[in-house]
Amino acid sequence: MSKKTIWNSFRDGNMYMTEWPVRKELTFIFPENRVIVVTQFAIKVMPAVAIISVFVQIAFNNYSGLPQAMITALFALSMPLQSLWWLGQRRDTLLPPDLAGWYRTLHEKVISEGGVLQPIRSRPRYKELAQTLNRAFKQLDKSSVDHWF
């Protein structure tokens, strides 16, 4: 298997943001909900913070403060990238044994209710858990879903 590049991690992180079900039931169980919300906010806001930090120094002719503003801008731009990288790494991380067992049980429940999922994995990753959770939230009734959390 080839080594994962940082660009692949960013791409996978972006895909994981769309795969993971951001649901209140999962907020206190998984960090993904918080990371995804913060990442989406950072993608929208941090480019503006970066631009403003540089332009304020230029507007006030404070060129001695420009290097610090550039560093601030680079840090602001790196924040969403850091989150996307983390999400990309998390997506391909193997589930711990207890969570893998929970994934298998939930997968079987969705299949028994007539759902269509990819075949169960012997060594599931967080991306398979995300897909299974998405299907469970869409397919199972609320009382069945509440039972799992």
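Scroll up for the structure.
Residues numbered from 1 in each chain as written. Predicted model: local features only at pLDDT ≥ 70, side-chain atom pairs only at ≥ 80, totals over all residues. Heavy atoms only, no water.

J.: Tell me what's going on with the side chain of serine 53, and back it up with residues and numbers.
T.: Tracing the backbone through its elements, the reader meets serine 53 in helix H2 (residues 32–59). In terms of polar contacts, serine 53 uses its side chain to reach the backbone carbonyl oxygen of alanine 69, at 3.4 Å. Sequence-distant contacts of serine 53, defined by excluding residues within four places in its chain, comprise Ala69, Thr72 and Ala73. (Helix = DSSP H or I, 4+ residues; strand = E, 2+ residues; numbered from the N terminus. Polar contact = N/O pair within 3.5 Å; in protein donor to acceptor, adjacent residues only side chain to side chain. Contact = heavy atoms within 4.5 Å.)

J.: Could you give an account of the side chain of glutamate 19, naming the residues involved and the relevant values?
T.: For glutamate 19, the position within the fold is in helix H1 (residues 6–19). On the accessibility criterion, glutamate 19 (16% relative accessible area) is buried. Of note is the side chain of glutamate 19, whose polar atom sits 2.8 Å from the side chain of arginine 91. If sequence neighbours within four positions are ignored, glutamate 19 has contacts with Arg91, Lys127, Ala130, Gln131 and Asn134. (Buried < 20%, exposed > 50% of the residue type's maximum accessible area, 1.4 Å probe, protein only.)

These figures capture arrangement, not role.
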